[in-house]
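Observations on chain architecture
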Amino acid sequence: MDPFGKYIKAVSARAADKEILKKAQDGGIVSAAYIYGLESGLLDGVIIADKEDGFAAAPKVATTREEILNAAGTKYTVCSNLSVIKSAVREYGCEKVGFVGTPCQVQSIRKAIKYPVGYRHVPDKIALIMGIFCMENFPYNGMKAIVEEHCGIKMDDVVKTDIGKGKFWVYSKWGDVKTIPLKDTHPYEQISCHVCMDYTAELADISTGSVGSPDGWSTIFVRTAKGEEYLNKMVEAGAIETKDIDAVKPGLDLVQKLALSKKEKNAKEVEHRKEIGLPVPY
Ligand SMILES: Cc1cc2nc3c(=O)[nH]c(=O)nc-3n(C[C@H](O)[C@H](O)[C@H](O)COP(=O)(O)OP(=O)(O)OC[C@H]3O[C@@H](n4cnc5c(N)ncnc54)[C@H](O)[C@@H]3O)c2cc1C
Ligand code: SF4
């Protein structure tokens, strides 16, 4: 089984801008790419998962650095980023749109580009597709149960959530840090995630996630010529610093292990659902 999909190169990287690093989830690659895009004119509008009250997420078209920074960080809940793509083009008049999403959202946008039913005049306005690694996601009420019932923190008080080292982490604005073992979060997962066969956003121009790189850094797969050109420009402009992925720990071996474990587990679920007559996407 192919763990990562096609890619041109993989690196470990982080944003050069300290303000981005402070607000970002990992190496701030998504925010740095977006801000660089707007400031250099390579992009004129970007899709973000904005932070809402109660640490919910809402899709939004952003056109400023401030909006991008406000939306930095991972929300472990569904955010329909694709739903505002038409608005970016038709209401905001954007000609060069940056998109970010989980692997399933990246698949959806590639499908919309290839078969643009209902997406007239949109495909040629999509300038950059960024994908974030994703093992699983939670419906909002699932995340709320994890945060409030298991960790004892109110959703309104959450400033950051993270998954790492086998735990779900919740940070409150009062300085509390609570964790629960990841295995205890499984009942709250979105069940469609159990037939998902993509961990590293294989159809993105640039994919990024935390796994494989040290804390505060991100792992990046550059997958398309467009993604490579964009990343090279970011490096030349000093927007991000990069390291050879083979020179960092734990490196691609861990990404491979996790990607294969997701694919193998979910392939079994796909087969099981087929056997009992349920529809599956593959
Ligand atoms: C549900 C989920 C599961 C994940 N699982 C893993 C994993 O198993 N392993 C791993 O290495 N990484 C995982 N990630 C990715 C990781 O948490 C970071 O999002 C990624 O490393 C980017 O960090 P950054 O510092 O570059 O981005 P930042 O600069 O912090 O920007 C993050 C961007 O992601 C967008 N975003 C935030 N939440 C969502 C969302 N729910 N849906 C769509 N867009 C969103 C924001 O708008 C923001 O622009 C997951 C992310 C999500 C949303
Ligand atoms: S696990 Fe797959 S289906 Fe679920 S949110 Fe992540 S990419 Fe989407």
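What counts and what doesn't
Residues numbered from 1 in each chain as written. Chains lettered and ligands numbered in written order. Predicted model: local features only at pLDDT ≥ 70, side-chain atom pairs only at ≥ 80, totals over all residues. Heavy atoms only, no water. UniProt positions renumbered as here; feature names shortened; annotations may be inferred. Buried < 20%, exposed > 50% of the residue type's maximum accessible area, 1.4 Å probe, protein only. Helix = DSSP H or I, 4+ residues; strand = E, 2+ residues; numbered from the N terminus. Pairing = 2+ DSSP bridges.

Identification of the protein as Coenzyme F420 hydrogenase subunit beta from Methanococcus maripaludis is taken from an unreviewed UniProt entry. The UniProt entry for the protein carries the following comment under Cofactor (unreviewed entry): "FAD". The UniProt entry for the protein carries the following text under Sequence similarities (unreviewed entry): "Belongs to the FrhB family."

Counting buried positions over the 5 residues of strand E10 (residues 218–222) gives 5, a clear majority of the element. Burial along E10 is two-sided: Ser218, Ile220 and Val222 and Thr219 and Phe221, pointing in opposite directions, are all buried. Across 5 bridges, strand E1 (residues 9–15) lies against E10 in antiparallel orientation. Across the sheet, residue serine 12 finds its bridge partner in E10, namely threonine 219. Where strand E9 (residues 206–209) and E10 come together, 4 bridges link them in antiparallel fashion. Across the sheet, isoleucine 206 pairs through a bridge with valine 222, a residue of E10.

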